[in-house]
Amino acid sequence: MSKRFFLVALTAASIAAFAQQPKKNRTSPTGYDDTPVLPGQKWKVHDIARPRPHVITPGAKPGDPPSDAIVLFNGKDFSHWQEGGGKDKPAPAIVAWKLENGYMECNLDGGSIFTKEKFGDMQLHIEWAAPAQIDGTSQWRGNSGILLMNRYEIQVLDSWNNPTYADGQAAAIYGFYPPLVNASRKPGEWQAYDIVFEAPVFAGEKLVKPAFATVFHNGVLMHNRKEIGGRMAHKVVGTYAPHAAEEPLGLQNHDTYVRYRNIWVRRLQGYDQP
Ligand code: MG
C-alpha cells in the first residue's frame, strides 16, 4: 500500500466514523402555522394549534384494561350485571350464572345477562372459554354470544374441529357473516375477542346508518368494519327495529357452560378530533 493511498483510506475511515457518532440534543418544531390546510379538515398539515390526544395509561400487558376503560368484570363480582328474564319479567338478580376462580360461568336453566350500564359505539375486550368436556355437536358445543346492544350477536362457540354452519361459528356475525378465518383454540382454553362496534342510527322508524363491527379473535382479524344486517335471528333474516342510541351489552345463555373473564369497554364518543 502506498503512503498516499494509506492516508486517503485513513481519512475516509475517520469521516465515516465521525458520521456514525450519535447526534445528541437535536430539537424539532412542535408544530407549524405556515403549512397548507388539509382537505376536508380545518387543520393545517402538522398544525401547531391542533389539540393533542388525551393521555391514557395502557394496560400492563396485552388484554389488560387501559386507564380509560370501564371494567365490567374483573372476576370478583356481578356488580355491573343483571339477569334478564324477558321484558315481562325483569330479574335483576343473577341466578343462572355462577362466580368462581376469577371467572363467571353460564349455569343453565336461566336467562342471559346484560349490563346495567348502556353503551353505543364501543371498543370491547372479552375473554371466554368453552367447556373442556365436549358434549354435543355443532351449535351444542359451548354456545353463547356477545350481544351488542343486547341484540347484534358475535357468536361464541367451540369451533375447534366442530363443523357447523359458517355464519354460526365462533366470531361470526351470527346469521350474516362467517369470520374470515377460524382461529379457535381447543375447548377449555381461554380465548379473546376484541371488538370495535359502531351502533346503528335511527331517525324515528327509519334506519339511517346500520351497525358495523370490527372483530379480532385471539388477535386475528375476523371482520373489518363489516356491516351488520340486523339483530340476531335463527333460520330467518334478522332485521332492524328502532331502539335507543345506547343499550346494554348482553352475554347469551344458550344452555352450555361457557365461561367469561376480563371484560372491559371503552366508550368511543368524545375522542373524535373537532
Ligand atoms: Mg350464540
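Cut-off values and rules
Residues numbered from 1 in each chain as written. Predicted model: local features only at pLDDT ≥ 70, side-chain atom pairs only at ≥ 80, totals over all residues. Heavy atoms only, no water. Helix = DSSP H or I, 4+ residues; strand = E, 2+ residues; numbered from the N terminus. Contact = heavy atoms within 4.5 Å. Areas by Shrake-Rupley, 256 points an atom, 1.4 Å probe, with all protein chains shown as cover. 1 Å grid on protein atoms, 1.4 Å probe; cavity = no way out; pocket = protein on both sides within 12 Å on 5 of 7 lines; lining within 4 Å. Points joined across faces, edges and corners; volume = space filled by probe spheres on them. Nonpolar A, V, L, I, M, F, W, Y, C, P; charged D, E, K, R; others polar. Donors = N, O, S within 2.8 Å, 3.2 Å for Na, K, Ca; no water. Salt bridge = Lys/Arg side-chain N within 4 Å of Asp/Glu carboxyl O. Buried < 20%, exposed > 50% of the residue type's maximum accessible area, 1.4 Å probe, protein only. Phe/Tyr/Trp six-rings, centres within 6.5 Å; stacked < 30°, edge-to-face > 60°. Lys NZ or Arg CZ within 6 Å of the ring centre and 35° of its normal.

### Overview of the overall build of the protein chain
Looking only at helices and strands, one finds 1 helix and 15 strands in the protein chain. Summarising the internal contacts of the protein chain: among those between residues at least 6 apart in sequence, 63% fall at separations of at least 24. Carbon together with sulfur atoms contributes 55% to the accessible area of the protein chain, which is approximately 15,900 Å² in total.

### Quick notes on the layout of surface pockets
Each pocket or cavity is described by its volume, and for the second largest pocket that value is around 190 Å³. Forming the boundary of the second largest pocket are 13 residues, of which Pro131, Gln133, Asp135, Trp140 and Tyr257 lie nearest the centre. Among the residues making up the lining of the second largest pocket, the classes are represented as 6 nonpolar, 3 polar and 4 charged.

### Quick word on the coordination of the magnesium ion
Only Asn143 (OD1), Ser144 (O), Glu153 (OE), Gln155 (OE1) and Gln252 (OE1) from the protein reach the magnesium ion as donors, at distances of 2.2 to 2.3 Å. Each donor residue of the magnesium ion lies on the same chain, and together they follow the pattern N-S-x8-E-x1-Q-x96-Q. Pair noted here: Glu153 is in strand β8 (residues 152-156) and Gln252 is in the loop between β14 (247-251) and β15 (259-267), with a separation of 99 residues, a long-range link.

### What about the pattern of salt bridges?
Applying the stated rule across the entire model yields 12 salt bridges. Here Lys98 and Glu100 are joined by a salt bridge, their closest N and O atoms 3.8 Å apart. In this structure Lys98 comes out as partly exposed when scored by relative accessible area, which is 31%. Its relative accessible area of 26% is what places Glu100 among the partly exposed residues. Note that Arg225 and Glu198 form a salt bridge whose closest N and O atoms lie 2.8 Å from each other. Placement of Arg225 in strand β13 (residues 220-227) and of Glu198 in strand β9 (residues 191-198) is noted, with a sequence separation of 27 residues between them. Linked by salt bridges that have partners in common, Lys98, Glu100, Glu105 and Arg259 make up one network.

### Side note on the packing of aromatic side chains
What the rule picks out here adds up to 8 aromatic pairs. Judged by centre distance (6.3 Å) and plane angle (25 degrees), the ring pair of Phe73 and Phe78 falls under stacked. Phe78 sits in the buried class, given a relative accessible area of 16%. A cation over a ring is seen here: Arg225 above Phe212, with NZ or CZ 4.0 Å from the ring centre. One residue, Lys226, lies across the ring of Tyr177, its end atom 4.4 Å from the ring centre.

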